[in-house]
Amino acid sequence: LQATDLAPKNGVALSLFGPFRVTIDGVLLGEWSTRKNRDLLAYLAAHRGQVAHEEKLMDLFWAQGGKAGRHSLHNSITQLRKLLVRRDLIVRKLD
């Protein structure tokens, strides 16, 4: 039995136990542009329904912080939203 056999044929499914896997419309995503993008998506999925504050995400994934860290975070979120097709899966709430 393959992980893709258990994935829904429509929508996005994430497997957080064992190897991290993402399927979109029944198709397993293979390559990630960066490890941080993969780890960021796993973190957001594990904390689904909770607000993930920008400062916390920067502390976890871009410890160098500053303008460069914030820019990298925003780029990663943009890349993930494009990858997931449905932009409403990752929502940015402004203060």
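Hey, could you go over the packing of helix α3 (residues 54-61) against helix α4 (residues 66-83) for me, with residue numbers and the actual values?
For any two helices packed against each other, the geometry is given by the interaxial angle and the distance between the axes. Orientation of α3 relative to α4, taken along the N-to-C sense of each, is 100°, at an axis distance of 10 Å. Here α3 is positioned roughly perpendicular relative to α4, judged by the angle of their axes. In contact with Glu 54, Glu 55, Leu 57 and Met 58 of α3, α4 contributes Gly 66, Gly 69, Arg 70, Leu 73 and His 74.

Pulling in residues and values, what's your account of the pairing of strand β2 (residues 21-24)?
Inspection of the sheet shows strand β1 (residues 12-15) paired to β2 by four bridges, in the antiparallel sense. Each residue of the ladder has a partner; that of Leu 14, found in β2, is Val 22. With antiparallel pairing between neighbouring strands as the criterion, β1 and β2 make up a hairpin whose turn holds five residues, including Gly 18 at a positive phi of roughly 75°. Across two bridges, the pairing between β2 and strand β3 (residues 27-28) is antiparallel. What sits directly across from Thr 23, in β3, is Leu 28. The loop that links β2 with its antiparallel partner β3 comprises two residues; one of these, Asp 25, has a positive phi angle of about 50°.

Let's hear about the packing of aromatic side chains: which residues, and what values?
Across all of its chains, the model carries three aromatic pairs by this definition. Taking the centre distance of 6.0 Å and the plane angle of 35° together, the rings of Phe 20 and Trp 32 count as tilted. Of this pair, Phe 20 sits in the loop between β1 and β2 while Trp 32 sits in the loop between β3 and α2 (35-46), and the two are twelve residues apart along the sequence. Counting every residue linked through ring pairs, the aromatic cluster contains Tyr 43, Phe 61 and Trp 62.

So what about α3? Which residues, and what values?
When we look at burial in α3, the residues that qualify are Leu 57, Met 58 and Phe 61. Summarising the axial view, the buried residues of α3 lie within an arc of 100°, below the 170-degree limit, and thus occupy one face.

I'd like a rundown of unusual backbone geometry, residues and numbers included.
Of note, Asp 25 is a non-glycine position whose phi angle comes to about 50°, a positive value. Take Asp 25: it is sitting in the loop between β2 and β3.

Requested: an account of α2, with residues and values cited.
A rise of 1.5 Å per residue sets the reference length of α2, with its twelve residues, at 16 Å; its end C-alpha atoms lie 16 Å apart and thus fit the reference within 8%. Looking at α2, one finds that the buried residues are Asn 37, Leu 40, Leu 41, Ala 42, Tyr 43 and Leu 44. Those residues of α2 hidden inside the fold are in contact with β1, β2, α3 and α4.

Reading guide: rules and limits
Residues numbered from 1 in each chain as written. Predicted model: local features only at pLDDT ≥ 70, side-chain atom pairs only at ≥ 80, totals over all residues. Heavy atoms only, no water. Axes fitted to C-alpha atoms, helices over the stretch in contact; angles between N-to-C directions. Helix = DSSP H or I, 4+ residues; strand = E, 2+ residues; numbered from the N terminus. Parallel < 35°, antiparallel > 145°, perpendicular 65-115°, else oblique. Contact = heavy atoms within 4.5 Å. Pairing = 2+ DSSP bridges. Phe/Tyr/Trp six-rings, centres within 6.5 Å; stacked < 30°, edge-to-face > 60°. Buried < 20%, exposed > 50% of the residue type's maximum accessible area, 1.4 Å probe, protein only. Arc of directions from axis to C-beta. Expected span 1.5 Å × (residues − 1).

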